[in-house]
Amino acid sequence: MKVVLASQNKKKIVEMREILSQMGVEVLSQRDVGVNLEPEETGTTFEENARIKARAVMEATGLPAIADDSGLMVDALGGEPGVYSARYGGPGLDDTGRWQLLLRNMMGKTDRTCQFVSVICCAFPGAGEILVRGECPGILAQAPQGEGGFGYDPIFYLPQLGKTMAQLTPEEKNQISHRAKALAEFQIEWEKGHHGTDQ
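Residues numbered from 1 in each chain as written. Predicted model: local features only at pLDDT ≥ 70, side-chain atom pairs only at ≥ 80, totals over all residues. Heavy atoms only, no water.

Some remarks on the overall build of the protein
Across its full length, the protein carries five helices and eight strands. The N-to-C order of helical and strand elements in the protein reads β-α-β-α-β-β-α-β-β-β-β-α-α. Over its C-alpha atoms the protein spans a radius of gyration of 17 Å, differing by no more than 12% from the 16 Å that the globule rule assigns to 199 residues. Taken along its principal axes, the extent of the C-alpha atoms in the protein is 55 × 30 × 25 Å. (Helix = DSSP H or I, 4+ residues; strand = E, 2+ residues; numbered from the N terminus. Rg over C-alpha atoms; globule rule 2.2 N^0.38 Å.)

A few points about the packing of aromatic side chains
For any pair of aromatic rings, the description rests on two quantities: the centre-to-centre distance and the angle between the ring planes. Per the stated rule, a full pass over the model turns up three aromatic pairs. For the pair F186 and W190, a centre-to-centre distance of 5.5 Å together with 40° between the ring planes defines the contact as tilted. With a gap of four residues between them, F186 and W190 both fall in helix α5 (residues 178-191), about one helical turn apart. Each member of the pair, F186 as well as W190, is classed as buried. (Phe/Tyr/Trp six-rings, centres within 6.5 Å; stacked < 30°, edge-to-face > 60°. Buried < 20%, exposed > 50% of the residue type's maximum accessible area, 1.4 Å probe, protein only.)

Description of the nonpolar core
As a rule of thumb, nonpolar side chains are buried together in soluble globular proteins. Formed by 20 residues in total, the largest nonpolar core has its most connected members in L20, I66, I120, F186 and W190. Looking at this core, the elements with two or more residues in it are β1 (2-5), α1 (10-20), β5 (113-123), β6 (129-140) and α5. If one sorts the elements of this core by residue count, α5 sits on top with five residues. With near-sequence residues (within four places) excluded, I120 lies in contact with M16, I66, A67, D68, I130, L131, V132, R179, A182, L183 and F186. Among the nonpolar cores identified, the runner-up in size contains 19 residues, and L72, L101, L103 and M165 belong to it. (Core = buried A, V, L, I, M, F, W, Y, C linked by side-chain atoms within 4.5 Å. Contact = heavy atoms within 4.5 Å.)

Structural notes on the pairing of β6
In this structure, β5 lies alongside β6, joined through eleven bridges in antiparallel fashion. Bridging across to β6, V117 finds its partner in E135. Once β5 ends, the chain turns through five residues before running back antiparallel as β6, passing G126 with a positive phi of about 100°. (Pairing = 2+ DSSP bridges.)

Brief notes about α1
Looking at α1, one finds that the buried residues are K12, I13, E15, M16, I19 and L20. Down the axis of α1, the buried set is contained in an arc of 165°. They therefore lie on one face. Check the buried side of α1 and you find it contacts β1, β2 (26-28), β3 (65-74), β5, α4 (170-176) and α5. Between the side-chain oxygen at the start of α1 and the backbone nitrogen of K12 there is a gap of 3.0 Å, and the oxygen is on N9. (Arc of directions from axis to C-beta. Polar contact = N/O pair within 3.5 Å; in protein donor to acceptor, adjacent residues only side chain to side chain.)

A look at the pattern of salt bridges
Considering all chains together, one arrives at 14 salt bridges under this definition. The closest approach of N and O atoms between E41 and K53, which form a salt bridge, is 3.5 Å. Of this pair, E41 sits in the loop between β2 and α2 (46-61) while K53 sits in helix α2, and the two are twelve residues apart along the sequence. Judged by its relative accessible area of 26%, E41 falls in the partly exposed class. One salt bridge in this structure joins E189 and K192, with 3.1 Å as the shortest N-O distance. Among the ionic contacts, a cluster of salt bridges with common partners joins E41, K53, D69 and R87. (Salt bridge = Lys/Arg side-chain N within 4 Å of Asp/Glu carboxyl O.)

Description of the confidence of the model for the protein
Across the protein, pLDDT averages 91, with 97% of residues at or above 70. Mean pLDDT values over the elements of the protein span from 83, in α1, up to 98, in strand β7 (residues 156-158). (pLDDT = per-residue confidence, 0-100.)

As for unusual backbone geometry
It is generally the case that most residues other than glycine have a negative phi and that most peptide bonds are trans. Put simply, E80 and P81 share a cis peptide bond, and its omega is -5°. You can see P81 is positioned in strand β4 (residues 80-81).

This is how it looks when you write it as structure tokens:
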């Protein structure tokens, strides 16, 4: 089955493709199908935003569309940056600027527990959908470590591995990440046949 990924994030496309290909799902980028959509993420939860993106791309292409809305929730900041993780601090910041801002906002705070959250929605023509959530707990590092990954990975420390997410190989990350956990749930639902009519 072919699904279109509702994302322009090249690294996210690679990550999703690697995991979903093991399920026999061919992941197409929006570019592959000649669509260039960036639906406005007006939701206040990861679930709402994932659904907005998946439905918009499904309606534009007529193909099943899969969207991931993910972010970092920091306990000491009341769950921030949360759904605003990719927009934290405004449009002028890149990934590095965002995690630098986050570390500044955490100065003086002793509770550094946090979790990455990924919600995946697959919208099918004919109104069917799969909606799943995965979480990966961690601790905010005091300083960045590692060159891999993207987003907040350099400051997301995994105590059980003694590394940040950015120090993991892609294979290691795809075994333990929030996105991998959500996709494992997605696979269970997919194999139950909860995906409308096969394309």
